[in-house]
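Okay, here's what each chain looks like letter by letter:
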Amino acid sequence: MITVCLIDDLPPGESIRVTDGVPAPVAVFHTEEGEIYAIDDTCTHQDASLSDGFLEGCFVECPLHEAFFDLRSGRPTCPPAKQPVRTHQVSVESGRVLLHVSVAEPA
Amino acid sequence: MKSITVVGASLAGLYAARALRTQGFDGRLVIVGDEHHHPYDRPPLSKGFLTGATDQGQLALVDADDTADLYAEWYLGTRATALDAAGGTVLLDGDRSLDTDAVVIATGATPRLLPGPEPGEPAHTGVHTLRTLNDAQALRDDLARGPARVVVIGGGFIGAEVASSCAMLGHDVTVVEAAPLPLVPQLGDDMAKVCAGLHADHGVTLVAGTGVAGLQGGRGYSDHPDSPDRVTGVELTDGRLLPADVVVVGIGVRPSTDWLEDSGLLLKDGVVCDAGCVSSLPNVVAVGDVARVDGHRAEHWTSATEQAGVAVQNLLAGGTVATHRNLPYFWSDQYGVRIQFAGRRLPTDIPRIVEGSAEDRSFLACYERDGQTTAVLAVNRPRPFTRWRRELMRST
Ligand SMILES: Cc1cc2nc3c(=O)[nH]c(=O)nc-3n(C[C@H](O)[C@H](O)[C@H](O)COP(=O)(O)OP(=O)(O)OC[C@H]3O[C@@H](n4cnc5c(N)ncnc54)[C@H](O)[C@@H]3O)c2cc1C
Ligand code: FES
């Protein structure tokens, strides 16, 4: 389990890239609706960081070629990405955002 | 409409074929492409594919499932030689022809060549252009022969990416640019200067403001004393001679419209189309690098993918019912730096760095006209770039 940041430092609409203590970079999102999600940060299409992407509801748009990923399932909803990204468990406890990295195969 | 033929089996053609099926066309769909490969992605050819970070499998734009979903007849390794749209035929090489009710033109663009040897005379070995997978493979093989002096002719985005990849592979690289500074038409003086600075940052020599007078060749190539006419140098118009083992010519492209000369279609640096990608004939649309849409011809990945849906909608409707909301966008990766640009700037628009700094090679610049932002350039700033790009898309 990793402490990502204080929830106050991740207001709704924002995202953060986690690189320490994880096998591969993870992107953590706080949606405008108040949900928190974590997925693999690297787009499955080419080389782009999804934490830099545009957050729209519980979807993120890749900053390079605009594939959309569903933050809940990790699945892309349109090309050019075809493979899902892994999703990870994330929770907020005592004001801290906690990340439990999964090693499972993507959905 | 019973049959539609897509000519050009690459990015724009594939996206158009997909759009035809998702928009409900259930007739005969034929895809003609003169390359032998199924559609693949070109941008990595000058980047990861050249350095070896990306392999051929990763370039594929379709897998077996996608191909099955399209339910199309593929004519690969087949060149369209003429179009008779009124008569409803596409002529193919080998004296074949296809009857078709409508055509999607997606034949892209072809590299410009140096005014070279007379037709029929062999070009020097070691001289490359870069458009296709085969081109990239040939260049990659040539570079694998050992440390080389590489001269890249043309300092545009593809030239700069090739220079970056060659430098990363450890070659000795020089970029020759005829204009006083590369990328000025795309970025304007100030920002072009910053991007040109990347070459020097990474030990690549930029020779700007001088043209190429010709290529020298001979038996002087050390490893291969028998190779008769390998390139040995590039002569510049100012009299200098740059020794070269490998030359890459990246001086732009011209739209692939040769096969349309007698089609009756309006051609002018591309297939002339309205804002809905419809050509001068209602049953012919054009998409991607070959299409001049509403007066502009883009040579960008995203234009090719975005135009497809609109073009298909209009083709199926039999007239222009939708137009392409065109905010040009492109990216370039060079020297580990990601450059992204969106918008349409005029030469008089003034760039202002709104975050970061040019010295750090990490910044975001807005181009402004009368207090309005017209375009945005990001160097290693993808996050704010996406927001600005969205903003510009909304306001245009
Ligand atoms: C090396 C390289 C790097 C690039 N990097 C970037 C980048 O970083 N960012 C970006 O935005 N864009 C980039 N681009 C541009 C992008 O790849 C193009 O905009 C895109 O490929 C255009 O797609 P298209 O389908 O219109 O044309 P093309 O990809 O050129 O495809 C046209 C196809 O039609 C075929 N064809 C031509 N004539 C005929 C005929 N008569 N009969 C049958 N088939 C025919 C061609 O062989 C080709 O397969 C790059 C391009 C190259 C070459
Ligand atoms: S890198 Fe994400 S869509 Fe291409």
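Here the structure is a predicted model, which is why all the values come from computation and not from measurement.

Attention now goes to helix H8 (residues 189–201) of chain B. Residues and elements named next belong to chain B. Look at H8: 19 Å from first C-alpha to last across 13 residues, which is about the 18 Å you get at 1.5 Å a residue. Buried within H8 we find Met191, Ala192, Val194, Cys195, Ala196, Gly197, Leu198 and His199. Count one or two residues on from H8 and you reach glycine 203, which has phi positive near 75 degrees.

Residue and element names in this part refer to chain B. Over its 12 residues, helix H1 (residues 11–22) extends 16 Å from the first C-alpha to the last, a length consistent with the 16 Å expected when each residue adds 1.5 Å. Of all 12 residues making up H1, 10 are buried, and the element is well covered by its neighbours. Taken together, the buried positions of H1 are occupied by Leu11, Ala12, Gly13, Leu14, Tyr15, Ala16, Ala17, Ala19, Leu20 and Arg21. Against the buried residues of H1 lie strand E1 (3–7), strand E2 (28–33), helix H4 (64–70), strand E3 (73–76), strand E7 (102–105) and helix H9 (301–317). Backbone geometry just after H1 places glycine 24 at a positive phi near 95 degrees.

Before going further, it helps to spend a moment on the sheet that holds strand E22 (residues 337–343) of chain B. Residues and elements named next belong to chain B. Reading across the sheet, the five strands line up as E21-E22-E25-E24-E23 and stay open at both edges, with antiparallel pairing between neighbours. Where the open sheet ends on each side, the last strands, each with one partner, are strand E21 (329–334) and strand E23 (350–357). The mean angle between the axes of side-by-side strands here comes to 20 degrees, regardless of whether they run parallel or antiparallel. Set on the sheet, helix H10 (residues 382–395) makes contact with E21, E22, E23, strand E24 (362–369) and strand E25 (372–379); between it and E25 the angle comes to about 155 degrees.

Residues and elements named next belong to chain B. Taken together, 32 residues lie around ligand 1, and Asp34, Glu35, Arg42, Lys47 and Arg131 are the ones closest in. Aspartate 34 places a polar side-chain atom, nitrogen or oxygen, 2.4 Å from an oxygen atom of ligand 1. Taken by itself ligand 1 offers 990 Å² of open surface, and the protein chains cover 95% of this. Put simply, the parts of the chain that give the shell around ligand 1 at least two residues each are H1, helix H6 (157–168), H9 and E21. Of the residues contributing to the shell around ligand 1, the split by class is 14 nonpolar, nine polar and nine charged.

As annotated by UniProt and renumbered to match this structure, "domain: Rieske" (unreviewed entry) occupies residues 2–99 of chain A. Structurally, residues 2–99 of chain A comprises 0% helix and 41% strand, and the distance from its first C-alpha atom to its last is 5 Å.

The next thing to look at is the pairing of strand E6 (residues 96–99) of chain B. Residue and element names in this part refer to chain B. Pairing analysis gives four bridges linking strand E5 (residues 89–92) to E6, with the strands arranged antiparallel. Looking at E6, one finds that leucine 91 is bridged to serine 97. Counted between consecutive antiparallel strands, the loop separating E5 from E6 contains three residues, among which glycine 94 sits at a positive phi close to 75 degrees.

Turning to the nonpolar core, a few remarks are in order. Counting 79 residues, the largest nonpolar core has A:Ile39, A:Phe69, B:Leu83, B:Val90, B:Val104, B:Ile105 and B:Val271 as its most contacted members. When sequence neighbours within four positions are dropped, the list of residues in contact with B:Val271 reads B:Ile105, B:Thr257, B:Leu260, B:Leu265, B:Leu266, B:Ser279, B:Ala286, B:Val290, B:Ala291 and B:Arg292.

In this assembly, 20 residues from chain A lie in contact with 22 residues from chain B. Between the two partners, chain A and chain B, sit six salt bridges. Here A:Lys82 makes a salt bridge to B:Asp66, at a shortest N to O gap of 3.5 Å. Counting across the chain A and chain B interface gives 10 residue pairs in polar contact (both at pLDDT 80 or more). Going through the elements one at a time, strand E2 (14–18) and strand E5 (54–56) of chain A are the ones with two or more residues in the side of chain A that touches chain B.

Residues and elements named next belong to chain A. Evaluated as defined, the whole model comprises zero disulfides over all chains. With no disulfide of its own, cysteine 58 lies 14 Å from the sulfur of cysteine 78, the closest cysteine sulfur. With a relative accessible area of 16%, cysteine 58 lands in the buried category.

With that settled, consider the pattern of salt bridges. It is possible for side chains bearing opposite charge to pair when their charged atoms get close. All names here are of chain B. Applying the stated criterion to the full structure yields 30 salt bridges over all chains. A salt bridge links lysine 47 to glutamate 161; the nearest nitrogen and oxygen atoms lie 3.1 Å apart. Of the two residues, lysine 47 sits in the loop between E2 and helix H2 (48–51) while glutamate 161 sits in helix H6, which places them 114 residues apart along the sequence. Judged on exposure class, the residue lysine 47 and its partner glutamate 161 are both buried. One salt-bridge network, in which partners are shared between bridges, spans Asp269, Arg292, Arg297 and Glu299.

In this section: unusual backbone geometry. Looking along the chain, the bond that leaves A:Pro79 and enters A:Pro80 is cis, with omega of 5 degrees. Along the chain, A:Pro80 turns up in the loop between strand E7 (68–70) and strand E8 (87–93). The backbone of B:Leu183 sits at a positive phi, close to 65 degrees, despite the residue not being glycine. For B:Leu183, the position within the fold is in the loop between strand E11 (172–177) and helix H7 (184–187). For B:Leu183, a relative accessible area of 8% translates into the label buried. Phi is positive for B:Arg361, close to 55 degrees, though the residue is something other than glycine. Along the polypeptide, B:Arg361 turns up in the loop between E23 and E24.

The next point concerns the packing of H1(B) against H9(B). All names here are of chain B. Two elements in contact, H1 and H9, have axes separated by 8 Å at closest approach and are oriented at 40 degrees. In terms of orientation, H1 and H9 fall into the oblique class. For H1 against H9, the interelement crossing comes out right-handed. Of H9, the residues touching H1 (which contributes Leu11, Ala12, Tyr15, Ala16, Ala19 and Leu20) are Trp301, Ala304, Thr305, Ala308, Gly309, Val312 and Leu316. Split into classes, the residues belonging to the contact of H1 with H9 amount to 11 nonpolar, two polar and no charged.

Glancing now at the packing of aromatic side chains. Both the distance between ring centres and the angle between the ring planes are used here to describe each pair of aromatic rings. Residues and elements named next belong to chain B. If you walk through the whole model with that rule in mind, you get seven aromatic pairs over all chains. Ring geometry for tryptophan 301 and tryptophan 331: centres 6.1 Å apart, planes at 75 degrees, overall edge-to-face. Of the two residues, tryptophan 301 sits in helix H9 while tryptophan 331 sits in strand E21, which places them 30 residues apart along the sequence. Of the two residues, tryptophan 301 and tryptophan 331, neither departs from the other in class, the shared state being buried. Their ring planes at 35 degrees and their centres at 5.7 Å tell us that tyrosine 329 and phenylalanine 385 sit as a pair that is tilted. Of the two residues, tyrosine 329 sits in strand E21 while phenylalanine 385 sits in helix H10, which places them 56 residues apart along the sequence. Comparing tyrosine 329 with phenylalanine 385, the two get one shared label, buried.

Definitions and limits used
Residues numbered from 1 in each chain as written. Chains lettered and ligands numbered in written order. Predicted model: local features only at pLDDT ≥ 70, side-chain atom pairs only at ≥ 80, totals over all residues. Heavy atoms only, no water. Helix = DSSP H or I, 4+ residues; strand = E, 2+ residues; numbered from the N terminus. Expected span 1.5 Å × (residues − 1). Buried < 20%, exposed > 50% of the residue type's maximum accessible area, 1.4 Å probe, protein only. Contact = heavy atoms within 4.5 Å. Pairing = 2+ DSSP bridges. Axes fitted to C-alpha atoms, helices over the stretch in contact; angles between N-to-C directions. Near = heavy atom within 4 Å. Polar contact = N/O pair within 3.5 Å; in protein donor to acceptor, adjacent residues only side chain to side chain. Areas by Shrake-Rupley, 256 points an atom, 1.4 Å probe, with all protein chains shown as cover. Nonpolar A, V, L, I, M, F, W, Y, C, P; charged D, E, K, R; others polar. UniProt positions renumbered as here; feature names shortened; annotations may be inferred. Core = buried A, V, L, I, M, F, W, Y, C linked by side-chain atoms within 4.5 Å. Salt bridge = Lys/Arg side-chain N within 4 Å of Asp/Glu carboxyl O. Disulfide = S-S within 2.5 Å. Parallel < 35°, antiparallel > 145°, perpendicular 65-115°, else oblique. Left-handed = near helix turned anticlockwise from the far one by under 90°. Phe/Tyr/Trp six-rings, centres within 6.5 Å; stacked < 30°, edge-to-face > 60°.

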